[in-house]
Amino acid sequence: MSTDLLARLSSSLVDGDPDAVVALTREAIATDVPPMTIIDGGLLAGMSIVGEKYSCGEYFLPHLIVAANAMKQAMALVEPELRRRQQVFESAGTVVIGTVKGDIHEIGKSLVGTMLSAHGFTVHDLGVDVPIERFVSAAREHDATLVGMSALLTTTMGGQRKVIEALTAAGLRDRVKVMVGGAPVSERWAEQIGADGYAEDAVAAVALARRLVGAGNG
Ligand code: B12
């Protein structure tokens, strides 16, 4: 019964059991549950509970990481199914994300990227130590709706401003929203450098991204 299977899939994500998430996703595909139903009724349902638990302090970062990785593994199984059935998986928006030049901290940036991808965004992760021009060329190449920049060092956060300036100089700033994050970054900093938003963690980043692309829920 697909409803029971989806409930178990959602619970396994909430319980942080990646093996069960993968096994139940495979079972759902094998029993012909439509891919979008697997995503909405199982994976995203579980992920939103994880997000709520994190926001209210019941869950901590490790729970988020485990769930996000499990979701990523499950999405890798579901996405080919979506394509096979020629269902168009409507992306919530296209995000180019990376850690700015001179900075090799990747955990937070990757978590934000994974969470965005888990919530329907198409994510191009440029990695760490990303040169200014690379953000600009990737935004153009992928026709990005959003550029996300991470900086964990006070010495590298200025790179976020430089990327915004470069996006403006390249004539892309009107087309792309910019969000920034990282431990030393703040709402105030985002305003100072002319970013469109700041989020303190990956859950808030998803809400912010949705708000910036006009998908609500932010
Ligand atoms: C792990 C770590 C490292 C690892 C990184 C490994 C890796 N693969 O990423 C290593 C050991 C390599 C490292 C190196 C260094 N580190 Co370090 N590092 C840390 C540490 C302990 C944790 C960072 C982390 O991963 N946190 C967990 C993640 C999940 O949290 P997060 O990154 O903040 O991300 C969340 C939010 O910020 C937000 N977010 C993040 N990015 C984005 C992007 C967007 C768009 C949005 C919306 C949101 C968002 O959402 C994320 C998820 O919830 C921090 C301490 C700290 N409290 O931050 C120091 C810290 C950042 N490091 C520090 C320093 C000084 C260094 C070094 C210079 C040390 C040295 N002398 O070599 C080097 C710099 C190397 C370089 N050039 O980048 C300092 C920075 C001080 C400062 N203010 O500048 C810190 C604060 C430690 C300290 N208290 O002194 N580091």
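Residues numbered from 1 in each chain as written. Predicted model: local features only at pLDDT ≥ 70, side-chain atom pairs only at ≥ 80, totals over all residues. Heavy atoms only, no water.

## A short note on the coordination of the cobalt atom of the ligand
Counted only if it meets this: In this analysis a donor is any N, O or S atom within 2.8 Å of a metal ion (3.2 Å for sodium, potassium and calcium), and since water is not included, sites may seem incomplete. Going along the chain from the N terminus, every DSSP run of H or I of four or more residues is numbered as a helix, and every run of E of two or more is numbered as a strand.
There is one protein donor for the cobalt atom of the ligand, and it is His105 (NE2), at 2.2 Å. Position of His105 among the secondary structure elements: in the loop between strand S1 (94–99) and helix H5 (107–118).

## Concerning empty space enclosed by the protein
What counts here: Buriedness of a pocket was judged along seven lines, with at least five required to meet protein on both sides within 12 Å; pockets are open sets of points on a 1 Å grid over the protein atoms alone, cavities are sets where a 1.4 Å probe fits but cannot get out, and lining residues have an atom within 4 Å of a point. Grid points are joined across faces, edges and corners, and a volume is the space filled by probe spheres set on the points. Three classes are used: nonpolar for Ala, Val, Leu, Ile, Met, Phe, Trp, Tyr, Cys and Pro, charged for Asp, Glu, Lys and Arg, and polar for all others, with Gly counted as polar.
A full pass over the atoms with the stated rule returns one cavity of 30 Å³ or more. In this structure, the largest cavity spans a volume of roughly 50 Å³. For the largest cavity, the full set of lining residues is Ala139, Arg140, Asp143, Ala144, Leu172, Arg175 and Val176. Class assignment for the residues of the lining of the largest cavity results in four nonpolar, no polar and three charged.

## Comments concerning the pairing of strand S2 (residues 122–125)
A regular strand places its side chains on the two faces of the sheet in alternate fashion. Formally: Between any two strands, at least two bridges found by DSSP are needed for them to pair.
In the sheet, S1 pairs with S2 via four bridges, with the strands oriented parallel. Considered in S2, the bridge of Ile97 is made with Asp125.

## Description of the pairing of S1
We count it as follows: Categorising residues by exposure relies on relative accessible area from a 1.4 Å probe, with only protein chains included: less than 20% of the type maximum marks a residue as buried, more than 50% marks it as exposed, and the intermediate range marks it as partly exposed. A crossover gets the label right-handed when its path from the first strand over the helix to the second runs clockwise, viewed with the strands pointing away from the viewer.
Of all six residues in S1, six are buried; the element is thus mostly enclosed. Here S1 shows two buried faces, one formed by Thr94, Val96 and Gly98 and the other by Val95, Ile97 and Thr99. Each parallel crossover has a hand, and the one from S1 via H5 to S2 is right-handed. Across five bridges, S1 lies against strand S3 (residues 146–150) in parallel orientation. The residue of S3 that forms the bridge with Val95 is Leu146.

## Some remarks on the side chain of Thr99
As a reminder, the rule being used: Under the rule applied, a polar contact is a pair of N or O atoms within 3.5 Å (in protein, one hydrogen donor and one hydrogen acceptor; residues adjacent in sequence only if both atoms are side-chain atoms). By definition in these notes, contact holds between two residues if any of their heavy atoms fall within 4.5 Å.
Here Thr99 is to be found in strand S1. With relative accessibility at 0%, the residue Thr99 sits in the buried group. In terms of polar contacts, Thr99 uses its side chain to reach the backbone carbonyl oxygen of His105, at 2.9 Å. Here Thr99 is in contact with His105, Glu106, Lys109, Gly127, Val128, Asp129, Val130, Phe135 and Ser150, once residues within four sequence places are set aside.

## Here we look at the site of the ligand
Stated precisely, the cut-off is as follows: For each residue, the test is whether any non-hydrogen atom lies within 4 Å of the molecule or strand; if one does, the residue is near.
Contacts to the ligand come from 27 residues, most closely from Ile104, His105, Glu106, Ser150 and Thr154. A distance of 2.7 Å separates an oxygen atom of the ligand from a polar atom in the backbone of Glu106. In this structure, an oxygen atom belonging to the ligand sits 3.4 Å away from a main-chain N or O atom of Gly182. Elements with a contribution of two residues or more to the shell around the ligand: H5, S3, strand S4 (177–181) and helix H9 (202–212). The element best represented in the shell around the ligand is H5, accounting for five residues. In terms of residue class, the shell around the ligand is built from 14 nonpolar, eight polar and five charged.

## Side note on helix H3 (residues 35–55)
Selection rule: Expected helix span is taken as 1.5 Å per residue step, with the number of steps being one fewer than the number of residues. To get the bend at a residue, fit one axis to the 7 residues ending there and another to the 7 starting there, then take the angle between the axes.
In a regular helix each residue adds 1.5 Å, so 21 residues correspond to 30 Å; H3 covers 28 Å between its end C-alpha atoms and thus fits that length. The largest bend in H3 comes to about 35°, at Leu44. When H3 is considered as a whole, its buried residues turn out to be Pro35, Ile38, Ile39, Gly42, Leu43, Leu44, Gly46, Met47, Val50, Gly51, Lys53 and Tyr54. In the segment just after H3, Gly57 is the residue with positive phi, at about 85°.

## Topic: H5
The end-to-end C-alpha separation of H5 is 16 Å, in line with the 16 Å expected for 12 residues at 1.5 Å each. Every buried residue belonging to H5 is among Lys109, Leu111, Val112, Gly113, Thr114, Met115, Leu116 and Ala118, and all of these are buried. Positive phi appears at Gly120, one or two residues downstream of H5, with a value of about 95°.

## What to know about the packing of helix H6 (residues 132–141) against helix H7 (residues 158–169)
Counted only if it meets this: Under this scheme, a helix contributes an axis fitted over its contacting stretch, all axes are lines through C-alpha atoms, and angles between N-to-C directions fall in the 0 to 180 degree range. Here roughly perpendicular refers to angles of 65 to 115 degrees, roughly parallel to angles under 35, roughly antiparallel to angles over 145, and oblique to all remaining angles. Whether a crossing is left-handed or right-handed is set by the direction in which the near helix is turned from the far one by less than a right angle, anticlockwise for left-handed and clockwise for right-handed.
H7 packs onto H6 with a crossing angle of 45° between their chain directions and a minimal axis gap of 9 Å. In terms of axis orientation, H6 runs oblique to H7. Relative to H7, H6 is oriented so that their crossing is right-handed. Along its contact with H6, which presents Ile132, Phe135, Val136 and Ala139, the element H7 presents Lys162, Val163, Ala166 and Leu167. Residue classes in the contact of H6 with H7 are distributed as seven nonpolar, no polar and one charged.

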